[in-house]
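A closer look at the structure
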Amino acid sequence: MEEAGRAVADAVQDSFPVGRVLLLAGGGANGGDALVAARHLAALGREVRVLAAPARHPLTRANRKRLGAVGVRVTALNAAAVVRESSGAAVLVDGLLGTGFTPPLRPELAELVAAVNASGLPVVAIDVPTGLDATRADLVGVTVQAAQTVTLSGLKTALLFGPAAHQAGEVRLAALRLPVGWAQAEALATRPTRTDVARLLPVRSADAHKGTAGRVWVVGGHPGTAGAAALAGMGALRVGAGLVTVYSAADMPLVMPELMMQRHEDVAAALAEAAAHSLPDAVCLGMGLGPHAPALARLILGWGIPCVLDADALQPELAGLGHAGCVWTPHPGEAARMLNCTVAEITRDPLAAARALQERYGGAVILKGGPSVVAQSGGLWVSRGGHPGMGSAGMGDTLAGIVAALLGQGLSAPDAALCGVTLHARAGERAGARHGYGLSASDVSGELGAAWLDVVASVKEGA
Ligand SMILES: NC(=O)C1=CN([C@@H]2O[C@H](COP(=O)(O)OP(=O)(O)OC[C@H]3O[C@@H](n4cnc5c(N)ncnc54)[C@H](OP(=O)(O)O)[C@@H]3O)[C@@H](O)[C@H]2O)[C@@H](O)CC1
Ligand SMILES: Nc1ncnc2c1ncn2[C@@H]1O[C@H](COP(=O)(O)OP(=O)(O)O)[C@@H](O)[C@H]1O
C-alpha cells in the first residue's frame, strides 16, 4: 500500500504539478492507497483535501492515523462534500473502489461517481476507475471517467480492451514488489516496450546464409483459400526466413517468386516423405488448410519441432498435444471454439481467455485483436500499436508466417510470439499511414523489413 500510494503521488506530481489535490478514499485497500498518496503529496508541499469513508481495511485504518499524525485533516465522504471540495481544486484522485468492487455499484457510490464526473476536474484513478470491474472489457454501470489511471502490479482487462478501456484514460503501470502472500488471483499483464522486444530479436553473423537463416515450411491452402498459405509464406520471407516452402493441396498464386510452392494431391504423404529426408527449423500450418488440418497438425506436432498452429489447425481435439515450441494463434472466434465457450465470453476478459488457452493447449498463445495478448507459462504480455485498417482478411495469415520465421531463426515460442505481434503491429501502422482503411495483408508484409528496423532503432532512441 505504501509503494502503491507513493506511485500515485508521483503520477499526480508529474502530470498535475500545480494546484490543490482532492483525494477521495473508500473504505478498502484502494482508499488506503489514496490516503498514502495524500501523505506523500503533502510532504511534497502540495495542498491536499481528503474525503474518506470509514476505513474497513486494517492498513487503511493505519494510514488514516498516519495522515492525521502529519497534520492532514480527513473529512467525511459524501456527494455534497465532493461538489463543495471540487471547487478550486486542480485534480481529483479516485481511490473509492479498486479490484475489490463487485457489481452492481451501491446507490451511495453511484451518487459519488456522478459527482466526480460532474466536477469537470481531471481524474487520476487508482488501480481501476471506480465502477469498472477489473476483469471485464464491457461497462457494468456508471463509471468514473479518468484522465489517467495508475494501475498497480499489472495491467487488467478493463484497462486494455473494449469500452471499459475508454474510461481509464492514459494508463501508467506501477510495478510493485508485493509482500509474500499477496498473490494476485486475477489475470494481470505487462506491456513490453519496443526496446524490450528489440533485445529479443535474432542477430545474424556476417557469414549467415539461406541454410542458417531458418528453413520454414508453410502448410496451408485449399481450393478457394490458397492465398492464405501464400500470405503466410510472404510474411515469413519478409522477416528473414532463409528458405520458405509452401505445401498445399491447391494451386497457389505466384505472389513472390522467392517462395517455393508445392502442390500435392496428398499433402500428408508429401510432408512425411520430405520429413524423412530432413525436418525444417519451423512449420506454420492451418491457414486456409480445410478439413485435413487436424490430422496434419497431429503429424507435425509429433515431430516436436517449433511450429505455429493457425486457423483450421486451431481445434479442440488438439488440447494437451502442444509442446514448449508451439505457438497457437487464435482470433476470438477460434479461441471460443478451442475453449468451448462463446465469443462474448472471450472478448469480455481476453486476459483470462489467453491464460486459459495457454493452460489447456501448452506452448505460447497469441490471442489476436487490437491489442493482442501473448500468453506463456510465465505470464501475459499485451502488444502495443497496430492500425484499424488491419481489420481485413489475411492479416492473421501474415502473422502466422512471421512467427514461424522467428521460430526458425531460433527464438523460443514466447519470444517469437511477442516479437511477431510487435513487428506485425508496427508494419500495420506503417502501411496504415499510407493506405488507411484500404490496407491489405500484402501491404503489411511489404513494411515488415522497415518495421524490424524501427524496433531495433528504438534501443538507441530509448523508446
Ligand atoms: N492486491 C494487490 O496486489 C495490491 C492492492 N492494492 C489495492 O487494493 C485494492 C483492492 O483492495 P480491496 O480488496 O480492499 O478492495 P477495494 O477495491 O478497495 O474495495 C473494497 C470496498 O469495496 C466495497 N464494495 C464492493 N463492492 C461494492 C459495490 N458493489 N458497491 C459499493 N461498494 C462496494 C466494499 O465495501 P463493503 O462491501 O465492505 O461495505 C469494500 O469497502 C486494489 O485495487 C489496489 O488499490 C494496493 O494497495 C497494493 C497491491
Ligand atoms: N484494429 C486493429 N488493431 C491492431 N491489430 C489488428 C486490428 N484489427 C485486426 N488486427 C490484427 O490483424 C490480425 C487479424 O487476424 P485474423 O482475424 O486471424 O485474420 P485472417 O484470418 O483474415 O488472416 C490479428 O493479428 C489482429 O491482431
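Read on for a plain summary of the structure.

Procedures and definitions
- Residues numbered from 1 in each chain as written.
- Chains lettered and ligands numbered in written order.
- Predicted model: local features only at pLDDT ≥ 70, side-chain atom pairs only at ≥ 80, totals over all residues.
- Heavy atoms only, no water.
- Pairing = 2+ DSSP bridges.
- Helix = DSSP H or I, 4+ residues; strand = E, 2+ residues; numbered from the N terminus.
- Axes fitted to C-alpha atoms, helices over the stretch in contact; angles between N-to-C directions.
- Contact = heavy atoms within 4.5 Å.
- Buried < 20%, exposed > 50% of the residue type's maximum accessible area, 1.4 Å probe, protein only.
- Near = heavy atom within 4 Å.
- Polar contact = N/O pair within 3.5 Å; in protein donor to acceptor, adjacent residues only side chain to side chain.
- Areas by Shrake-Rupley, 256 points an atom, 1.4 Å probe, with all protein chains shown as cover.
- 1 Å grid on protein atoms, 1.4 Å probe; cavity = no way out; pocket = protein on both sides within 12 Å on 5 of 7 lines; lining within 4 Å.
- Sits in = over half its atoms within 2 Å of the grid points.

On to the sheet that holds strand β1 (residues 20–25). Reading across the sheet, the 7 strands line up as β3-β2-β1-β4-β5-β6-β7 and stay open at both edges, with parallel pairing between neighbours. In this open sheet, the two edge strands, each paired with only one partner strand, are β3 (74–76) and β7 (170–174). Put simply, the sheet's adjacent strands are angled 20 degrees from each other on average, direction ignored. In this structure, strand β2 (residues 48–52) lies alongside β3, joined through 3 bridges in parallel fashion. Along β3, the bridge assignment pairs Val 50 with Val 74. Along the sheet face, helix α2 (residues 29–43) touches β1, β2, β4 (89–95), β5 (123–126) and β6 (148–152) and points at about 155 degrees away from the line of β1.

Along the polypeptide, Thr 398 turns up in helix α15 (residues 395–408). Thr 398 sits in the buried class, given a relative accessible area of 0%.

Right, let's get into the site of ligand 2. Neighbouring ligand 2 are 17 residues, the closest being Lys 368, Gly 369, Gly 394, Gly 396 and Asp 397. One of the backbone N or O atoms of Met 395 is found 3.4 Å from an oxygen atom in ligand 2. Here ligand 2 loses 75% of its free accessible area of 580 Å² to cover by the protein chains. Under a 2 Å grid-point criterion requiring more than half of the atoms, the pocket assigned to ligand 2 is the second largest pocket. Ranked by residues supplied to the shell around ligand 2, first place goes to α15 with 4 residues.

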